[in-house]
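This is what each chain is made of:
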Amino acid sequence: ERAAAVARAEEAYRAGEERVRAVGDNLPDGAVYQVSVPPGGPPRFAHISAGVETLLGVPAAEVVADPETLYRLVHPDDIGGFRAAELAAFTALRPFEYEFRSHTRGGAVRWLHVRSRPTPRADGGSDWNGLLLDVTERRRAEDALRRSESLFRGIFQNASAGVSLTGPDGRFVAANPAFE
């Protein structure tokens, strides 16, 4: 009877582990990961979900074997800030969050948002459970909104005709120089 109970417990554990893996591997536009930082040693990926291949074209097994694979894809203008923010978080054992550009293996550029939280280990190292998300569409929308607002401001300020904006209560909110 004890052997049967142990077998059931092991099967339940495997089923739970499979559910967690399936969630991580099927996260839309993202990947989950765990980075292990040994005392005095370089960080290594203990795990990264299959979503990294969809995001960046790099198989998860390759990232686990060589973490520099992902760092080499980070946009040259962003790698310095990324490394500095990561090191500061690792040193202070505080949550890490950063948004940066990364190339894919196919050459496209994507905006990624990464965040992780540390769990200190008894040996002085730490484990970082995190999430990597593709935020390219959000960044494009923000850039388009900024361009649109800038265009509107230019037209509003430089129009030869008087233009004003009023709020729902009828009060003036803004007026261009020609209106004033």
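Going by the structure above, here's the rest.
The present account deals with the structure reproduced in this document. Quick caveat, the model's predicted, so the values are computed rather than measured. (Residues numbered from 1 in each chain as written. Predicted model: local features only at pLDDT ≥ 70, side-chain atom pairs only at ≥ 80, totals over all residues. Heavy atoms only, no water.)

### Details of the overall build of the protein
Helix and strand content of the protein: six helices and seven strands. The C-alpha atoms of the protein give 24 Å as radius of gyration, which overshoots the globular expectation for 180 residues (16 Å, by more than 25%). In terms of overall dimensions, the protein has C-alpha extents of about 85 × 40 × 35 Å along its principal axes. Within the span of the protein, comprising 180 residues, buried residues form 29% of the whole. Considering only contacts within the protein whose residues lie at least 6 apart along the sequence, 38% involve residues at least 24 apart. Only carbon and sulfur atoms are counted for the fraction: they give 57% of the accessible area of the protein, which is about 11300 Å². (Helix = DSSP H or I, 4+ residues; strand = E, 2+ residues; numbered from the N terminus. Rg over C-alpha atoms; globule rule 2.2 N^0.38 Å. Buried < 20%, exposed > 50% of the residue type's maximum accessible area, 1.4 Å probe, protein only. Contact = heavy atoms within 4.5 Å. Areas by Shrake-Rupley, 256 points an atom, 1.4 Å probe, with all protein chains shown as cover.)

### Section: the packing of aromatic side chains
Taken as a whole and judged by the stated rule, the model has nine aromatic pairs. Members of the aromatic cluster, joined through ring pairs, are Tyr-71, Phe-82, Phe-96, Tyr-98 and Phe-100. One Lys or Arg, Arg-83, reaches over the ring of Tyr-71 and ends 3.8 Å from the middle of that ring. (Phe/Tyr/Trp six-rings, centres within 6.5 Å; stacked < 30°, edge-to-face > 60°. Lys NZ or Arg CZ within 6 Å of the ring centre and 35° of its normal.)

### Brief notes about the pattern of salt bridges
Considering all chains together, one arrives at 11 salt bridges under this definition. Arg-140 is the salt-bridge partner of Glu-137, the closest N and O atoms lying 2.8 Å from each other. Taken together, the positions of Glu-137 and Arg-140, both in helix H6 (residues 136-158) and three residues apart, correspond to about one turn of that helix. By relative accessible area, which is 48% here, Arg-140 ends up partly exposed. (Salt bridge = Lys/Arg side-chain N within 4 Å of Asp/Glu carboxyl O.)

### Remarks on a nonpolar patch on the surface
Nonpolar side chains collect at one region of the surface, where Phe-152, Leu-165 and Val-173 lie side by side and expose about 290 Å² of accessible area between them. Turning to its location among the elements, Val-173 is positioned in strand E7 (residues 172-175). Owing to a relative accessible area of 61%, Val-173 belongs among the exposed residues under this scheme. (Patch = residues over 30% accessible without salt bridge, like charges linked within 9 Å, V, L, I, M, F, W, Y side chains within 5 Å.)

These results come straight from atomic positions and should not be treated as a statement about function.
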